[in-house]
Amino acid sequence: MPNTPTLLWLRRDLRLSDHPGWQAALASGGPVIPVFILDPLIEESYGAAPKWRMSLSIGQLAQDLEDAGSRLILRRGDALAELRDLIAETGARTMVWSRLYDSRSIARDTGIKSALKADGVEVESVNASLLFEPWTVASKTGGIYRVYTPFWKAVRDREVADPIAAPADLAPPETWPASDQLEDWALGAAMRRGADVVAGHICLGEAAARQRLYGFIDQAIDRYKSQRDFPALDATSRLSENLTYGEISPRQIWHAGYRSMQDRGHAAEAEHFLKELVWREFAYHLLYHTPEIETGNWRAEWDSFPWREDNDDAERWRRGVTGIEMVDAAMREMYVTGTMHNRTRMLVASFLCKHLMTHWKIGEAWFRGCLIDWDPAANAMGWQWTAGSGPDAAPYFRIYNPDTQADKFDADRRYRNRFIAEGRSTPHADALAYFDAIPQSWGLGPDQPYPAPVIGLPEGRARALNAYENRKTLAEQG
Ligand code: FAD
């Protein structure tokens, strides 16, 4: 029936362009009712910063839809119950969503699909988030990839379909179902003072994300490979923030990068960018095939490692007051901008897990709360990779030395000066903003002396190596 609406359930795909879900929903011929449901799974799994940033993304999409003559319907509660209510209210007989790949979302969605099918509703799921869905990439023996380079070789020459244009016509249904008000959800509540500071650094919505992509392609992709490791430079795309809410699709990025690789005579630089994009695919490959990567050591032999559970040193790490400038600058970058440079993500993760011998789960959880680009697959893989317990991991004995990293990647101290105020006569505005973002209860201020190191670097390194070498004995001793 041409006027029977189709429900489009949006989750991590908050956009209109290059969205196979819109295409599938519109193919049914009737109006499309887009809906976002704040269900218990989102409430539990998203930390403060991603929840806040997601709410901005929802608000921006709602505005974009209004501009296109449509609406975004918001509901809060059990997803199946809300969908059933919407189906009853709208008379929809078909619904579409784009797939998620973490085990809890898969379990939820599988249950919802069979329940709705039993109700007589036609349900279609599509891929709007990945270049290569996990089950489409298999090794020569039919197994999964556990190491990145062969994964890259397996996919790099694959055809990636062209992006789809945004729908041209979004006819409204005869009546719209009721919707919650986004403000009533108060998704930014847990961000407290941080929201005002981070708000100055975000790039919101699909139009801005595309601008960011084009800007990167015009100005930085040609030097990506050579400059991407320097945290003070604006040399990477920063698109992780947009990818994670689906404000841009990986296909849009892939094709822009691919064209650049062919047209611009900087093939190696652009190819390196595509390779990094494929690390995200690899992370999803692992998350799908080895879901335990989110919750436990990916390599079981690490279960016997004597990680420290939460401790005072870890608290200093969280607050950005370890007394190791490169580590503190990075942690403060996260409070001020909501993201952290990849080079320093590896460094602070290594420092926590190795010099401070603290369990990677503690760092993973902190990033989950603080990063506006939090991604379940990339975060879990990044932590386990750095800790040594994960796939393709650097050997444990390769311990990042923050001083050497600083000499190599921040020789002119620009990064550290940008984020550390103590001891500077004219601190950078971002260094001061950190004190506006953190809880007042921490009692920190720019005029206090810079803290003494939480541990000597040689001492921390020796302790970690010793524990690694003796891990079986130490575990037996309890
Ligand atoms: P670019 O260099 O421009 O790369 C383009 C895109 O490729 C990125 O946006 C991202 O989607 C993907 N990508 C690049 N490097 C990686 C990588 N190592 N792993 C997976 N995907 C990658 N990334 C997240 O998106 N969310 C996270 O929560 C996250 N947590 C991390 C935690 C740790 C401990 C580590 C070491 C890395 C983590 N990463 C995470 C990966 C990486 O740091 C970020 O993707 C990157 O810094 C984003 O910056 P960019 O968009 O400028 O990347």
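Fair warning: this is a prediction, and the values are worked out from it, not measured in the lab.

S.K.: Would you mind going over the packing of helix 13 (residues 267–289) against helix 18 (residues 376–387) with me for this structure?
M.R.: For any two helices packed against each other, the geometry comes down to the angle between their axes and how far apart the axes lie. One way to put it is that helix 13 packs onto helix 18 with a least axis distance of 8 Å and a crossing angle of 90°. One way to sum up the angle between helix 13 and helix 18 is to call them roughly perpendicular. Across from Trp279, Phe282, Ala283, Tyr284, Leu286 and Leu287 in helix 13, the residues of helix 18 making contact are Pro376, Ala377, Ala378, Met381 and Trp385. For the contact of helix 13 with helix 18, the per-class residue count stands at eleven nonpolar, no polar and no charged.

S.K.: Before we go on, may I ask you to explain the site of the ligand in this structure?
M.R.: Taken together, the neighbourhood of the ligand is formed by 28 residues, with Tyr224, Thr236, Ser237, Arg238 and Asn342 sitting nearest. Interatomic distance of 3.1 Å between a side-chain N/O atom of Asn379 and a nitrogen atom of the ligand. At six residues, the largest contribution of residues to the shell around the ligand is made by helix 18. Grouping the constituent residues of the shell around the ligand by class yields 15 nonpolar, seven polar and six charged.

S.K.: Please explain the nonpolar core as it appears in this structure.
M.R.: One finds Phe36, Met54, Ile58, Trp317 and Phe351 to be the most contacted residues of the largest nonpolar core, which totals 80 residues. Each residue touching Ile58, except ones within four places of it in the same chain, is listed here: Leu14, Phe36, Leu72, Leu74, Leu182 and Trp185. Listed in part, the 40 residues of the second largest apolar core include Ile221, Trp254, Phe273 and Tyr284.

Reading the values: the criteria
- Residues numbered from 1 in each chain as written.
- Predicted model: local features only at pLDDT ≥ 70, side-chain atom pairs only at ≥ 80, totals over all residues.
- Heavy atoms only, no water.
- Axes fitted to C-alpha atoms, helices over the stretch in contact; angles between N-to-C directions.
- Helix = DSSP H or I, 4+ residues; strand = E, 2+ residues; numbered from the N terminus.
- Parallel < 35°, antiparallel > 145°, perpendicular 65-115°, else oblique.
- Contact = heavy atoms within 4.5 Å.
- Nonpolar A, V, L, I, M, F, W, Y, C, P; charged D, E, K, R; others polar.
- Near = heavy atom within 4 Å.
- Polar contact = N/O pair within 3.5 Å; in protein donor to acceptor, adjacent residues only side chain to side chain.
- Core = buried A, V, L, I, M, F, W, Y, C linked by side-chain atoms within 4.5 Å.
- Buried < 20%, exposed > 50% of the residue type's maximum accessible area, 1.4 Å probe, protein only.

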